[in-house]
Structure formats: C-alpha cells, structure tokens
Amino acid sequence: MQDAEERGQLRPGGTVIEGTAGNTGIGLAHVCRSKGYRLVIYMPNTQSQGKVDLLRLLGAEVFPVPAVPFENPENYNHQAKRHAERMENAVWTNQFDNVANRRAHLETTGPEIWYQTDKKIDAFTCATGTGGTLAGCTRYLKDVSGGRVKCYLADPPGSVLHSYITSGGILNERTGSSITEGIGQGRVTDNLKPEIDLVDGALHISDEKSIEMVYRCLDEEGLYLGSSSCLNVVAAKEVAEKLGKGHTVVTILCDGAYRYADRLFSKKWLKDKGLLKAIPPHLERYIVLP
C-alpha cells in the first residue's frame, strides 16, 4: 500500500482490492482502517469461516468464490484484478506478483532477523504463498552474510515448488492438497523468481507432521499456532537436525490457531482428513471439539 501511495495509484478515499486466502487480507484490513481506505477481498470459498468473519468485522467487503486454478479466469486473483480495473482511485495490490512484497522483507524482516540473532544465524526456512518472505529474507541474508546463511523452502502437499527446486527447475502439474491455508504454489511467482536460484534446498512437509506440531507447540511451548506456522516449525527442526548441534535456525510463525480452532481441535475434522492417528496419545486431550 505504501508503494501504491508513492506511485500515486492510491489517493485519499480510495479502494484497495486483493485476492487472498485470508491472512494478507487481514493485514490489509488493519491498514485500510487506519488510513481510511475501503477494502474489497476475493478469497477461495475453501478458507475458514473465522477468516471471513474477521475480515468483515474489520470492515472489508468479502466475496468468497469457487477455488479454481490460477490458469482459470475465475480464479480469485483474476476476479480481484477485474474488480479494480472497473473502478476509479482503486488499486489491486497483487500480493503474488507485486515485488513491493519482496522489497518489504528485504528492507525489514531480513535485517530484523540478522540483528536479533546478533548476526549468528546459520539457516532460514519458511513456506511460500506469494514467495515474498522467502525471497526477500533469502536475498538479504545471503548478501549480508557473504552467502554463509543457508536458505530452504518448506512446502506442503499439493505444491509444486519442492519438486521444482529439487529437480533443477522442472515445473510439474499441481496435484493433491493440504490442510494448510495460504501456502504452497502451483507456479513460481514474480516475487520468488529473482531469488529462487539462491535457495539451497527444499523440504516437503506432510500434513501429518504439521498437525502433530500444532499439538506439540501448544503442549510443550504454550504456543497456539496454526498449521502453516507449524509446518515452518517442522521445517526448522529438520534443517537443525541436518546442520547439527550449535547452529541457529530461524523461521516465521505466520498464523495463530484461533482462526482455525474449529478444525484443528475437532475430532470429526481430524478423522475426516485422516489425521486423527497423527496426534500422539498423550496429546489427544487437546482434541476438545466434537
């Protein structure tokens, strides 16, 4: 939004429009409230009702639409773009391919990680939705450390990026799905494209590992995290095991469980997803919903 303002694309009283699985939209909603902009959100109708409710509570106009591939003109991103084109003083923020996203992490998140670890970070890993976090942090950490810091992509089922990186650049057809929301990709976005060759490797993280870590983080750390955050924690753990003792590994805790509690702690939902057996017996007490 700052970039759109600087370019003169967004003026007082304007409208911000975005296609989002929810979390970026929630961030935009907070900023729009503080700056006096109207916000319109298009999102796949597969996302949690908690996200939709929160967006509306924050003043956004929300259009849940059928979840279809990016190549389909009815994909939520394309619908958001068309909506913006029909309006005056409106901007489609285009989180996936607007490189201001990558720039934000290059200028803020990367430096924050570097200095808060006292320059002793050895590796960084996270999943990608837009690719902005991984790309911006990777570029900054590689440059500032002279290439010493290792960077790894963490990928859920249904995403093509793990195979793209491990195969040396072969982009396969997207198949399967994941319980995680807003991460995983069927293509290399413009945010990720400039830095993807800097990434040192990729980790495929199963839903079973992610859901187990949701329960472990709650029980062992008192952290009430969503499945995307816990996928990142699993990836950080596996990178740490790869590097060995004495190394500092950083990841991103990007969502809380409060937006997904009706799913993550529901016995019926876990059973329907085939994930009930992934919860260790001593953690089953946290399955408190029917």
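Here, every reference points to the structure presented above.
Note that the structure is a prediction, hence the values are computed from the model and not measured. (Residues numbered from 1 in each chain as written. Predicted model: local features only at pLDDT ≥ 70, side-chain atom pairs only at ≥ 80, totals over all residues. Heavy atoms only, no water.)

Asker: Tell me what's going on with the layout of surface pockets, and back it up with residues and numbers.
Answerer: Roughly 190 Å³ of internal volume is contained in the second largest pocket. Counting residues per element, the ones that place at least two in the lining of the second largest pocket are helix 1 (2–6), strand 4 (90–92) and helix 5 (100–116). Taken together, the residues of the lining of the second largest pocket sort by class into six nonpolar, three polar and three charged. (1 Å grid on protein atoms, 1.4 Å probe; cavity = no way out; pocket = protein on both sides within 12 Å on 5 of 7 lines; lining within 4 Å. Points joined across faces, edges and corners; volume = space filled by probe spheres on them. Helix = DSSP H or I, 4+ residues; strand = E, 2+ residues; numbered from the N terminus. Nonpolar A, V, L, I, M, F, W, Y, C, P; charged D, E, K, R; others polar.)

Asker: Please give an account of the environment of Arg 139 that cites residues and values.
Answerer: Following the sequence through the fold, Arg 139 ends up in helix 6 (residues 132–144). Using a relative accessible area of 24% as the deciding quantity, one classes Arg 139 as partly exposed. Spatially, the C-alpha atoms of Arg 139 and Ser 159 are 22 Å apart, while their sequence positions differ by 20 residues. Among residues more than four places away in sequence, those in contact with Arg 139 are Arg 102, Leu 106, Pro 194, Glu 195 and Leu 198. (Buried < 20%, exposed > 50% of the residue type's maximum accessible area, 1.4 Å probe, protein only. Contact = heavy atoms within 4.5 Å.)

Asker: I'd like to hear about the packing of aromatic side chains, residue by residue, with values.
Answerer: Inspection of the entire model under this criterion finds three aromatic pairs. Taken together, a centroid distance of 5.0 Å and an interplanar angle of 20° make the contact between Tyr 42 and Phe 63 stacked. Remark: Phe 63 occurs in strand 3 (residues 61–65) and Tyr 42 occurs in strand 2 (residues 38–44); sequence separation between them is 21 residues. Judged by its relative accessible area of 7%, Tyr 42 falls in the buried class. Their ring planes at 55° and their centres at 5.2 Å tell us that Tyr 215 and Phe 265 sit as a pair that is tilted. Separated by 50 residues along the polypeptide, Tyr 215 in helix 8 (residues 207–221) and Phe 265 in the loop between helix 10 (261–264) and helix 11 (267–272) bring together distant segments of the chain. (Phe/Tyr/Trp six-rings, centres within 6.5 Å; stacked < 30°, edge-to-face > 60°.)

Asker: Mind laying out the sheet that holds strand 3, listing which residues take part and the relevant values?
Answerer: If you walk across this open sheet you meet the four strands as 3-2-1-4, and the pairing is parallel. Of all strands in the sheet, those with a lone pairing partner are strand 3 and strand 4, marking the two edges. Between one strand and the next, the sheet's axes are offset by a mean angle of 15°, whatever the strand orientation. Alignment of strand 1 (residues 15–19) against strand 4, held across three bridges, turns out to be parallel. In the sheet register, Ile 17 faces strand 4, and the bridge partner there is Trp 92. (Pairing = 2+ DSSP bridges. Axes fitted to C-alpha atoms, helices over the stretch in contact; angles between N-to-C directions.)

Asker: Any details on the side chain of Ser 228? Residues and values, ideally.
Answerer: Counting through the fold element by element, Ser 228 comes out in helix 9 (residues 227–243). Judged by its relative accessible area of 2%, Ser 228 falls in the buried class. The contacts of Ser 228, once residues within four sequence positions are left out, are Thr 180, Glu 181, Ile 183, Cys 254 and Asp 255.

Asker: How would you sum up empty space enclosed by the protein? Please name residues and give values.
Answerer: Taken as a whole, this structure holds one cavity of 30 Å³ or more when the rule is applied. One number sums up the size of the largest cavity: a volume of about 50 Å³. If you trace the largest cavity, you find it lined by Ile 179, Thr 180, Glu 181, Ser 227, Ser 228, Asp 255, Tyr 260, Arg 263, Leu 264 and Trp 269. Looking at the lining of the largest cavity, the elements with two or more residues in it are helix 9 and helix 10. A class-by-class count of the residues in the lining of the largest cavity yields four nonpolar, three polar and three charged.

Asker: Could you give me a rundown of the nonpolar core, with the residues and numbers involved?
Answerer: By size, the foremost hydrophobic cluster in this structure holds 32 residues, and its most contacted members are Ile 211, Val 214, Tyr 215, Leu 264, Phe 265, Leu 270 and Ile 279. Each residue touching Ile 279, except ones within four places of it in the same chain, is listed here: Ile 211, Tyr 215, Leu 270, Glu 284 and Ile 287. Membership of the second largest hydrophobic core comes to 23 residues, among which are Ile 121, Phe 124, Cys 137 and Cys 151. (Core = buried A, V, L, I, M, F, W, Y, C linked by side-chain atoms within 4.5 Å.)

Asker: Can you explain the pattern of salt bridges? Please cite residues and give values.
Answerer: All told, the structure shown has 22 salt bridges when counted by the stated rule. For the salt bridge of Asp 122 with Arg 148, the shortest nitrogen-to-oxygen distance reads 3.3 Å. Linking Asp 122 in the loop between helix 5 and strand 5 (123–127) with Arg 148 in the loop between helix 6 and strand 6 (150–155), this pair joins segments that are 26 residues apart in sequence. Of the charged contacts, one joins Lys 142 and Asp 200 as a salt bridge, the two residues approaching to 2.6 Å between their closest N and O atoms. (Salt bridge = Lys/Arg side-chain N within 4 Å of Asp/Glu carboxyl O.)

Asker: Explain helix 4 (residues 76–85) to me, using residue names and the numbers behind them.
Answerer: Of all ten residues that make up helix 4, seven are buried, and the element is covered over most of its length. Along helix 4, the residues that are buried comprise Tyr 76, Asn 77, His 78, Gln 79, Ala 80, His 83 and Ala 84. On its buried face, helix 4 sits against strand 1, strand 2, strand 3 and strand 4. Among the residues of helix 4, the N-terminal cap falls to Asn 75, whose side-chain oxygen and the backbone nitrogen of Asn 77 are separated by 2.9 Å. (Polar contact = N/O pair within 3.5 Å; in protein donor to acceptor, adjacent residues only side chain to side chain.)

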